[in-house]
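Read off the chains here:
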Amino acid sequence: NAGVTQTPKFQVLKTGQSMTLQCAQDMNHEYMSWYRQDPGMGLRLIHYSVGAGITDQGEVPNGYNVSRSTTEDFPLRLLSAAPSQTSVYFCASSFGTGIGQPQHFGDGTRLSIL
Amino acid sequence: KQEVTQIPAALSVPEGENLVLNCSFTDSAIYNLQWFRQDPGKGLTSLLLIQSSQREQTSGRLNASLDKSSGRSTLYIAASQPGDSATYLCAVSSERETSGSRLTFGEGTQLTVNP
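The paragraphs below set out a description of the structure included in this document. (Residues numbered from 1 in each chain as written. Chains lettered and ligands numbered in written order. Predicted model: local features only at pLDDT ≥ 70, side-chain atom pairs only at ≥ 80, totals over all residues. Heavy atoms only, no water.)

**Section: the sheet that holds strand S1 (residues 4-7) of chain B**
Residues and elements named next belong to chain B.
Okay, so step 1: Across the sheet, which stays open at both edges, the five strands sit in the order S1-S3-S8-S7-S6 with antiparallel pairing between neighbours. Here the strands that pair on one side only, and so sit at the sheet edges, are S1 and strand S6 (56-59). Between one strand and the next, the sheet's axes are offset by a mean angle of 15°, whatever the strand orientation.
Okay, so step 2: Bridge count for S1 against strand S3 (residues 19-25) is four bridges, and the pairing is antiparallel. Residue pairing across strands places Val4 opposite Phe25, the latter belonging to S3. (Pairing = 2+ DSSP bridges. Helix = DSSP H or I, 4+ residues; strand = E, 2+ residues; numbered from the N terminus. Axes fitted to C-alpha atoms, helices over the stretch in contact; angles between N-to-C directions.)

Pasting the structure below:
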C-alpha cells in the first residue's frame, strides 16, 4: 500500500552540486509529474511523463532533467544546484494521461541549497 | 492562462462549526477540479475530485460543489474537528493546458479548528 514514494525526505546541497530526487509508484500509473512548492507561488509543474520513454516540460523546467525508463520510476535531476532551487518537491502520479483522473502525491522532498 | 484563487487565506473556527472554503478559477474550460488537504511538512492528500459534468461530490463530512460556468467551487466541512486543521488546496485540470494533465493550484486556505 505504498502509493507514491519519494526519497530523500530532506537534503541540503551546496551551490553547484548535483543530485537526483527519486520518485517511485506501485500503482501502475502511466502519468507521473514533478511539482515544486514555494511560498506565495503555490505548486508549479516542472516536468511530466505520460509513459515510459516519454517526458515533456512543464511550467518551470530550467535547471532540471528527467527520464522515464520504467513505468514505476521518475527521477528528477538537478544538474548544478542554485539557491533559487530551494523548495519542496512533490512527485505525483495518475492513471492514463492523467486527464480526468485523481492525482496521487508523495510526501515531498525538502531541499535547501546553500 | 488559468488562475486559481482561494479565499480566505486563513480561517480559525471553534470546534463543531460548519464552514465553507471558496475557490475560484478564471477559465471555465476544465476537465475537473480537485480538493486536497496538506498537513504541515507533509504531502497532499486528495479529498474530492469533481468532474466538469458534475455539480457536487460528498465524502463523509465533506461536500464539494462546482459551478463551472461561474468558475467557482466550495468545500463545505460539517461539524469541524481539531483534526481538520490543515491547509486545503484547490486545483483545476484545464482543457486548454498543453502540459498533459497539469494541475493549476490555488495558494490554499489554512484552517485552524480550536478545541
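So much for the structure itself; the text now carries on.
**Thoughts on the environment of Ser112 of chain A**
Residues and elements named next belong to chain A.
Okay, so step 1: Take Ser112: it is sitting in strand S11 (residues 109-113).
Okay, so step 2: The spacing of Ser112 and Pro83 is 29 residues in sequence and 7.5 Å in space, taken between C-alpha atoms.
Okay, so step 3: Residues contacting Ser112, with those up to four places away along its chain left out, are Gln11, Val12, Leu13 and Thr86. (Contact = heavy atoms within 4.5 Å.)

**Brief notes about the side chain of Arg44 of chain A**
Residue and element names in this part refer to chain A.
Okay, so step 1: Within the element layout of this structure, Arg44 appears in strand S5 (residues 42-51).
Okay, so step 2: Overall, the relative accessible area of 16% leaves Arg44 in the buried class.
Okay, so step 3: Of note is the side chain of Arg44, whose polar atom sits 3.0 Å from the side chain of Asp38.
Okay, so step 4: The residues contacting Arg44, other than those within four sequence positions of it, are Trp34, Tyr35, Arg36, Asp38, Glu59 and Val60. (Buried < 20%, exposed > 50% of the residue type's maximum accessible area, 1.4 Å probe, protein only. Polar contact = N/O pair within 3.5 Å; in protein donor to acceptor, adjacent residues only side chain to side chain.)

**Remarks on the interface of chain A and chain B**
Okay, so step 1: Listed per partner, the contact involves 24 residues of chain A and 22 residues of chain B.
Okay, so step 2: At the boundary of chain A with chain B, total buried surface from both sides reaches about 1700 Å², with 53% on carbon and sulfur atoms.
Okay, so step 3: For the chain A face of the interface with chain B, the top three residues by lost area are Leu43, Ile99 and Phe105 of chain A, together amounting to 26%.
Okay, so step 4: Across the contact surface, chain A and chain B share two salt bridges.
Okay, so step 5: Among the ionic pairs, Glu59 of chain A bridges to Lys1 of chain B, the shortest N-O distance being 3.9 Å.
Okay, so step 6: The interface formed by chain A and chain B includes six residue pairs in polar contact (both at pLDDT 80 or more).
Okay, so step 7: Sorting the residues of the side of chain A that touches chain B by element identifies strand S4 (31-38) and S5 of chain A as the ones contributing at least two each.
Okay, so step 8: Per-element tally for the side of chain A that touches chain B: the top contributor is S5 of chain A, with four residues. (Buried area = accessible area lost by both parts, 1.4 Å probe. Salt bridge = Lys/Arg side-chain N within 4 Å of Asp/Glu carboxyl O.)

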